[in-house]
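# Topology and contacts: notes
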Amino acid sequence: MRCEGPKPSSKSSSSLSAAATFVPPLAAAHGGVAVPFGMAPPGVATTADDARFCMPWAAAAHFENWGDSGIVVTSPLAETASTDVDDVSGANHHDAQMGGAITQSVDGHDNSLPVCKVESRDHKAYIVELENSRSKLAHLEQELQRARQQGMFIASALAFDLEYARWLDEHQQHMNDLRVALSAQIGDDDLGVLVDGVMLHYDEMFRLKGVATRTDVFHVLSGMWMSPAERFFMWLGGFRSSELLKVVARQVEPQLTEQQLVGICSLQQSLQQAEDALSQGMEALQQALGDTLAAAAPALGPSASAADSVTNYMGQMAVAMSKLATVENFLRQADLLRQQTLKQVHRILTTRQAARALLVVSDYFSRLRALSSLWLTRPTD
């Protein structure tokens, strides 16, 4: 479909006119004011470094109410650690009481100086042993904390994979109902209920991804929860909206009116601009992160001290961590763009066209998953 085509006619409906001008998702959240690419939205303060990564709708506060996971991850190691700490503390307390009793008996023994010296040396050895035990205990607590955090990330990733698999099964059922309804030629009102149900189900998927992104952004970014062929086309943790719109447009174009074609073409151009801005922002982030890590290398030369190298290393790593946190915002914006694309297409098309478009999208990803299965089971001899 070529998007240089027809001019909008005077018969365009208000809904199609609104759809033809695509308002960036977070621009709408700031009063509908369009924000130029590369600038932060109104009311969002940025530093010199942060401004390099600001997207048209970058506002982290907009995403704070996307819902919580409701998943409480516990670790048996944590419970064991708690019990061990109590045991060690109790043993130390008992030994301390014994040490006090020995001291008192020595103080009360006034006719044997050599015995006092022996008991004093034993007490000092106990103090040293107690300090060593405390040091080992602190080290154990640190190891348990690391294990607890690692276990939480693993559990969260597995939980999202399972939730997505469950969502995919439910999605297939929605698609089956939609296919049967189109074949039965049911009325637009009943068909609209099914279409709205599918849109709500997509919202649930984006909610699940938002929770997973907050917990383990790199798992979502890697796409390991998708099939291999889907990962081949993946862009920022999901599908590229402009490419998916092309797939839909090829199937429904013969049924589109002139006004609908204008809306689709306008949406296509807006999506391309938004995707380019996000891609450029990610490239700038990668470059800045690489430069920061390179600057963390220890200084060489006779004037360089170990203390200065450690200070520089810790400072640069802190900067790298703050830059890395920006990845989460990029994924959230990309998912919001995908979600808004589905809603915009739904507004432009009629109910029956929207139902067919949803089936086209579902069938496209089904073919990608089927291709993955064929690839994984191919003969390797």
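A brief report on the enclosed structure follows.

Thresholds, definitions, all that
Residues numbered from 1 in each chain as written. Predicted model: local features only at pLDDT ≥ 70, side-chain atom pairs only at ≥ 80, totals over all residues. Heavy atoms only, no water. Phe/Tyr/Trp six-rings, centres within 6.5 Å; stacked < 30°, edge-to-face > 60°. Helix = DSSP H or I, 4+ residues; strand = E, 2+ residues; numbered from the N terminus. Buried < 20%, exposed > 50% of the residue type's maximum accessible area, 1.4 Å probe, protein only. Lys NZ or Arg CZ within 6 Å of the ring centre and 35° of its normal. Contact = heavy atoms within 4.5 Å. Axes fitted to C-alpha atoms, helices over the stretch in contact; angles between N-to-C directions. Parallel < 35°, antiparallel > 145°, perpendicular 65-115°, else oblique. Left-handed = near helix turned anticlockwise from the far one by under 90°. Expected span 1.5 Å × (residues − 1). Arc of directions from axis to C-beta. Core = buried A, V, L, I, M, F, W, Y, C linked by side-chain atoms within 4.5 Å. Salt bridge = Lys/Arg side-chain N within 4 Å of Asp/Glu carboxyl O.

## Re the packing of aromatic side chains
Tallying each qualifying case throughout the model produces eight aromatic pairs. The interplanar angle of 75° and the centroid separation of 5.3 Å between the aromatic rings of Phe160 and Trp225 together place this pair among those described as edge-to-face. With Phe160 in helix H4 (residues 113–183) and Trp225 in the loop between helix H6 (217–222) and helix H7 (228–232), this pair connects stretches of sequence that are 65 residues apart. A relative accessible area of 5% means that Phe160 is categorised as buried. Consider the rings of Tyr164 and Trp167, whose centres lie 5.9 Å apart with planes at 15°: the pair is stacked. Within this pair, Tyr164 and its partner Trp167 are both found in helix H4, separated by three residues, close to a single helical turn. Overall, the relative accessible area of 10% leaves Tyr164 in the buried class. On the basis of relative accessibility, which here comes to 3%, the residue Trp167 falls in the buried class. Taken together, the ring pairs connect Phe160, Tyr164, Trp167, Tyr202 and Trp225 into an aromatic cluster. The ring of Phe239 carries Arg338 above its face, with NZ or CZ at 5.8 Å from the centroid. When the ring centre of Trp375 is taken as reference, the NZ or CZ atom of Arg378 above it lies at 3.6 Å.

## With respect to the environment of Arg338
Its place among the elements puts Arg338 in helix H11 (residues 326–348). It is 9.1 Å that separates the C-alpha atoms of Arg338 and Ser242, two residues lying 96 residues apart in sequence. When neighbours within four sequence positions are excluded, Arg338 is seen to be in contact with Phe206, Lys209, Trp235, Leu236, Gly237, Gly238, Phe239, Ser241 and Leu331.

## Quick notes on the side chain of Thr292
With respect to the helices and strands, Thr292 occurs in helix H9 (residues 258–295). Sequence-distant contacts of Thr292, defined by excluding residues within four places in its chain, comprise Gln316, Val319, Ala320 and Lys323.

## Overview of the packing of helix H5 (residues 188–215) against helix H12 (residues 351–376)
Taken N-terminus to C-terminus, the directions of H5 and H12 make an angle of 40°; their axes are 9 Å apart at the nearest point. When the axes of H5 and H12 are compared, the pair comes out oblique. When you trace H5 past H12, the crossing you get is left-handed. Packed against H5, whose contacting residues are Asp188, Leu191, Gly192, Val195, Val198, Met199 and Tyr202, the element H12 presents Thr351, Arg352, Ala354, Ala355, Leu358 and Val361 at the interface.

## Description of helix H10 (residues 306–324)
Residues three or four positions apart in an α-helix share a direction because the helix packs 3.6 residues into each turn. End to end, H10 covers 27 Å across 19 residues, agreeing with the expected 27 Å (1.5 Å per residue, within 8%). Every buried residue belonging to H10 is among Ser309, Ala320 and Lys323, and all of these are buried. Along the axis of H10, the buried residues cluster in a sector spanning 55°; they form a single face. Exposed and oriented more than 90 degrees from the buried face of H10 are Ala307, Val310, Thr311, Met314 and Met321. Packed against the buried residues of H10 are H9 and H11.

## Here we look at the nonpolar core
Counting 56 residues, the largest nonpolar core has Leu178 and Tyr202 as its most contacted members. For this core, the secondary-structure elements that each account for two or more residues are H4, H5, H6, helix H8 (241–252), H9, H11 and H12. Of the residues forming this core, the biggest block, nine residues, is contributed by H5. Other than its neighbours up to four places away in sequence, Leu178 contacts Leu191, Leu194, Val195, Val198, Ala355, Leu358 and Leu359.

## Quick word on unusual backbone geometry
Phi at Gln185 takes a positive value of approximately 55°, unusual for a residue other than glycine. Secondary-structure assignment places Gln185 in the loop between H4 and H5.

## Section: the pattern of salt bridges
For the structure shown, the criterion picks out eleven salt bridges. Its salt-bridge partner being Arg166, residue Glu170 comes within 2.8 Å of it at the nearest N-O pair. A residue pair is termed a helical-turn pair when its members lie 3 or 4 positions apart in one helix, as Glu170 and Arg166 do in helix H4 at four residues. Arg166 sits in the partly exposed class, given a relative accessible area of 32%. In this structure, Arg352 and Asp188 form a salt bridge, with 3.0 Å as the shortest nitrogen-oxygen distance. Placement of Arg352 in helix H12 and of Asp188 in helix H5 is noted, with a sequence separation of 164 residues between them. Residue classification places Arg352 among the buried positions, given a relative accessible area of 17%. Ionic contacts of the salt-bridge type, sharing partners, join the residues Glu163, Arg166 and Glu170 into one network.

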